[in-house]
Amino acid sequence: MRRGNLRTGVRWKISIAIAAVGALVAAALSIVVHNEARVSMLDNSREVMMDRLLLAQLQYESTPKPREPRLRFGAKINDPRLPRQLDRLMHNGRRGTFVQEHASGGTPDVWAAVPLANGDVLSLHMPFADRSATIMKNLDRTLIIGSVSVVFGGCALGVLIGGQLSRRLRKAAAAAGKVAQGNTEVRVRDAVGGVVRDETDELARAIDALTDALNGRIEAERRVTADIAHELRTPVTGLLTAAELLPPGRPSELVRDRAQAMRTLVEDVLEVARLDGASERAELQEIALGEFVERRVRVLAPDAVVNVVHESWVNTDPRRLERILGNLLANAAKHGGGPVEVTVEGRVVRVRDDGPGFPEELLREGPSRFRTGSSDRAGKGHGLGLTIATGQARVLGARLTFRNAAPDGGAIAVLWLPDHAPTNTGSFPVLRDV
């Protein structure tokens, strides 16, 4: 069985931790203060009790001895209830005090006893003063209120501190997410902001440094790929020209076919390099989308079925739109199965086939150049067709999405054209997720 993951925010973790520490400290201090105050009051009561007993002893020794003397403060001679601890102390000829706790709880009794010259024991006992007990109750109440206030104050402080840290982390995560989506101009440190400098800033600087390093490496790889493709362009063109001069025959056809495939690959790599450079601009024209798609599909894939649900006029680049359609139709014909169906509905163009569907990796991460794999729709070739289609859609300000049809199977590529065409500066409208 899989355990359910309990997700808690940093704010609540910090507030709970501060509240727990505050509760422990408040409880410990309350216990210490309570015990110290009680011991201090009991010591004071014992001193008062001994002073009273000494006054009663002075009275007893300075007056004639009646049969039943009446002593001050209720002192008694040889009290049978004298605690054993004081009794042993009296046998040793020492005076002392004792606090007698009751098994049933309640207010303890404070005893004081002194040995007399004739061997008798003079003792005095009283309950712990009511005033002292009231003071202890008020003290306990104050300690409880203070402890609860500390806990709630610590919780509020934790929410405040944790909230600030949580906001900074969320801003950093949002900025990092934009970087992961390809927006390399975003800086996590600027997104975090704030005056306080803490570990969040170190994390932001590390992410920015990592982004710069990855951008540099990717840009270097793009330049190398473009340079190699550019250098191969001339010899491949010469090879294709030379292949055309070969005498007719099966070997010559194979050479021309492979030379043409190599030339197509070089051109695709150069196109990908141009698209990655973000310097491409669309040449816009007003076209009827349904009519345009129907005419182009009739040329690119005569066997495909075109269904125009709703006609719409769009301002886009026909050459790039045709390139996208051609790559989607070629991918569907090569890797799909059954009739390919193209549907135009307003500004949305769908290309569907009845094949095994797109692989999970492509659905999760999008098209990737030079993807390989025996069962991958985009992996049997070089993976450039869908990559180019996605790049051309980006130039048009459109979005190209991929999904699998359920439950019958099949792959669906959807091109979402924008309501407003990209400007001459290359800026694009914001497309809402659908």
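Numbering of residues starts from 1 in every chain and runs along the sequence as written. In keeping with the predicted nature of the model, local features appear solely for residues at pLDDT of at least 70, side-chain atom pairs appear and are counted solely at 80 or more, and the whole-chain, interface and lining totals rest on all residues. Working from all heavy atoms in the structure, the side-chain values ignore hydrogens and water.

> Would you mind showing me how to read the packing of helix α7 (residues 289–300) against helix α8 (residues 318–335) here?
In helix packing, the relevant descriptors are the interaxial angle and the interaxial distance, both defined with respect to the helix axes. Axis definition: a line fitted to C-alpha atoms, limited for helices to the stretch in contact. Angles are taken between N-to-C directions and run from 0 to 180 degrees. Under the DSSP-based scheme used, a helix requires at least four consecutive residues in state H or I and a strand at least two consecutive residues in state E, with every element numbered from the N terminus. Two numbers describe how α7 lies on α8: the axes approach to 10 Å, and their chain directions differ by 50°. Accordingly, the angle class assigned to the pair α7 and α8 is oblique. Between α7 and α8 lies a crossing of right-handed hand. Contact with α7, carried on its side by L289, F292, V293, R296, V297 and L300, involves P318, L321, E322, L325, G326 and L329 of α8 and no other residues of that element. A class-by-class count of the residues in the contact of α7 with α8 yields nine nonpolar, one polar and two charged. What sets the label is the angle itself: under 35 degrees gives roughly parallel, over 145 gives roughly antiparallel, 65 to 115 gives roughly perpendicular, and the rest give oblique. Here is the rule for handedness: rotate from the far helix to the near one, and if that takes an anticlockwise turn smaller than a right angle the crossing is left-handed, while a clockwise turn gives right-handed. Two residues form a contact once any of their heavy atoms are found within 4.5 Å. Note that Gly is not counted as nonpolar here; it falls among the polar residues with everything else outside the nonpolar set of Ala, Val, Leu, Ile, Met, Phe, Trp, Tyr, Cys and Pro and the charged set of Asp, Glu, Lys and Arg.

> How should the sheet that holds strand β1 (residues 76–77) be read in this particular structure?
The strands making up a sheet are joined through hydrogen bonds of the backbone, oriented either antiparallel or parallel. Strands are labelled as partners when DSSP assigns at least two bridges between them. A sheet is described by the order of its strands in space; here four strands give the open sequence β1-β4-β3-β2, paired in antiparallel fashion. At either margin of the open sheet sits one strand with a lone partner, and together these are β1 and β2 (96–100). Pairing between β2 and strand β3 (residues 109–115): five bridges, direction antiparallel. Looking at the pairing, F98 lines up with W111 of β3. The strands touched by helix α1 (residues 10–62) are β1, β2, β3 and β4 (121–127); relative to β3, the strand with the most contacts, the crossing angle is about 40°.

> Would you take a moment to explain the sheet that holds strand β11 (residues 411–416) for this structure?
Strand order in this open sheet of five strands is β6-β8-β9-β11-β10, and the pairing throughout is mixed. Where the open sheet ends on each side, the last strands, each with one partner, are β6 (305–310) and β10 (399–404). Direction aside, the axes of adjacent strands within the sheet are offset by 15° on average. Taken together, the five bridges between β6 and strand β8 (residues 341–345) define a ladder with parallel strand orientation. Among the inter-strand pairings, H310 is bridged to a residue of β8, identified as E345. Its contacts with the sheet put α8 on β8, β9 (348–353), β10 and β11, and the angle it makes with β9 is roughly 20°.

> Could you clarify how one ought to interpret the environment of A75 in this entry?
Here A75 shows up in the loop between α1 and β1. Each residue is assigned to one of three classes by its accessible area relative to the maximum for its type, calculated with a 1.4 Å probe on protein chains only: buried under 20%, partly exposed between the two thresholds, exposed over 50%. Given the relative accessible area of 9%, A75 is considered buried. A sequence separation of 18 residues divides A75 from Q57, and the C-alpha atoms of the two residues are 8.7 Å apart. Beyond its immediate sequence surroundings of up to four residues, A75 is in contact with L53, A56, L122, S123 and L124.

> Which parts of the structure should I look at to understand the pairing of strand β7 (residues 313–316)?
Along any regular strand, the residues point their side chains to alternate faces of the sheet. Covered by surrounding structure in β7 are V314 and T316 only, the residues W313 and N315 on the alternate face being uncovered. The pairing of strand β5 (residues 285–288) with β7 spans four bridges and is classified as antiparallel. Across the sheet, the residue bridging to A288 is W313, located in β7.

> Explain the pattern of salt bridges to me, please; I cannot follow it from the model alone.
Opposite charge on two side chains makes pairing possible when the charged atoms of those side chains draw close. Each reported salt bridge corresponds to a side-chain nitrogen of Lys or Arg within 4 Å of a carboxyl oxygen of Asp or Glu. The full count for this structure, using the stated rule, is seven salt bridges. R320 is the salt-bridge partner of D317, the closest N and O atoms lying 3.3 Å from each other. R320 carries the same exposure label as D317, and that label is buried. Here E345 and R350 are joined by a salt bridge, their closest N and O atoms 3.6 Å apart. The class for E345 is partly exposed, based on a relative accessible area of 39%.

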